[in-house]
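Listed below are the residues making up each chain.
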Amino acid sequence: MSATEMPSTGVPWRMIVIWTLFIALDTGTQLAFKWGADGLADLDFGLAMISRALTLPGVWLATLGYGGTFVVWMIILRTTPLSRAFPMTGLAYVTVPLLAWAVLGERINLVQAGGIATIIAGVLLLGSGETDEDHA
C-alpha cells in the first residue's frame, strides 16, 4: 500500500478529498440556488425577474458553485471511468435533502427517507466492485 492510499479501502486519499469537494460544491450550489430563488418568489419569469436575480447573493454563489463543480468534475473524469463516476454524483440526492432539512427546515417524509437510503445502498453497491485498476 502506498502512502497515498487509505489503509482500509485502498482508495487514494486524494480521491476521497476530491469527491468530498465535489459533493460539497454540488450541494452548496443547490442550496444557494434555493436561497436565490426564494428572493424571486413574487416575480413571474421575465426581465424583471432576471434583473432581480442578478442582484441576489444566492444566485451569484450558485453560479460560482457551478463553475467550481465543473472544475472538480473534470479532475474526477481524468482518472475515473464515467460509468463509475456518474453514479457517485447521486450522493448529492442524499446531501441536498438532508441539508435542506437541517438548514432550510424542509421536511423529509418516509418515502423520501427510503429513497435516500436506496441511493446510499446503490452507490455502495456500484463502488463495491472497484479494483486497483480503476485508480490507475
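Residues numbered from 1 in each chain as written. Predicted model: local features only at pLDDT ≥ 70, side-chain atom pairs only at ≥ 80, totals over all residues. Heavy atoms only, no water.

Some remarks on a nonpolar patch on the surface
Inclusion rule: What makes a patch is a set of residues exposed beyond 30% relative accessible area and free of salt bridges, joined within 9 Å when like-charged and within 5 Å when nonpolar (Val, Leu, Ile, Met, Phe, Trp, Tyr). Calculation of accessible area relied on Shrake-Rupley with a 1.4 Å probe; when residues are assessed, cover is drawn exclusively from the protein chains displayed. The rule for a salt bridge is simple: a side-chain nitrogen of Lys or Arg has to be within 4 Å of a carboxyl oxygen of Asp or Glu. Helix and strand labels come from DSSP, where a helix needs a run of H or I of at least four residues and a strand needs a run of E of at least two; each type is numbered from the N terminus. Partly exposed residues are those whose accessible area sits between 20% and 50% of the maximum for their type, while under 20% is buried and over 50% is exposed, using a 1.4 Å probe and protein chains only.
A surface patch of nonpolar side chains, amounting to about 600 Å² of accessible area, comprises Phe-45, Leu-47, Ile-50, Leu-54 and Trp-60. One can find Phe-45 in the loop between helix 1 (13-38) and helix 2 (47-53). A relative accessible area of 69% places Phe-45 in the exposed class.

Notes on the packing of aromatic side chains
The description of two aromatic rings rests on the distance between their centres and on the angle between their planes. What counts is decided by this rule: Here the aromatic set is Phe, Tyr and Trp, taking the six-membered ring for Trp, and pairing holds for ring centres within 6.5 Å; pairs whose planes are under 30 degrees apart are stacked, those over 60 apart are edge-to-face, and all others are tilted.
Applying the stated rule across the entire model yields 4 aromatic pairs. Note on Trp-19 and Phe-22: the rings are 5.6 Å apart at their centroids and 75 degrees apart in plane angle, and the pair reads as edge-to-face. Here Trp-19 and its partner Phe-22 are both found in helix 1, 3 residues apart, which amounts to about one turn of the helix. Exposure class is identical for Trp-19 and Phe-22. Each is buried. Note on Phe-33 and Tyr-66: the rings are 5.3 Å apart at their centroids and 55 degrees apart in plane angle, and the pair reads as tilted.

With respect to the nonpolar core
For clarity, the cut-off: Each nonpolar core is a collection of buried residues, namely Ala, Val, Leu, Ile, Met, Phe, Trp, Tyr and Cys, held together in the definition by side-chain atoms within 4.5 Å. Contact criterion: two residues are considered in contact whenever any of their non-hydrogen atoms come within 4.5 Å of each other.
If you look at the biggest cluster of nonpolar residues, it comprises 9 residues: Met-15, Ile-18, Trp-19, Phe-22, Ile-23, Val-72, Trp-73, Ile-76 and Ala-85. For this core, the elements supplying multiple residues, two or more each, are helix 1 and helix 3 (57-79). Residue contributions to this core peak at 5 residues, all from helix 1. Beyond its immediate sequence surroundings of up to four residues, Trp-19 is in contact with Trp-73, Ile-76, Ala-85, Met-88 and Thr-89. Formed by 5 residues, the second largest nonpolar core is a distinct cluster that contains Leu-40, Met-49, Ala-53 and Leu-56.

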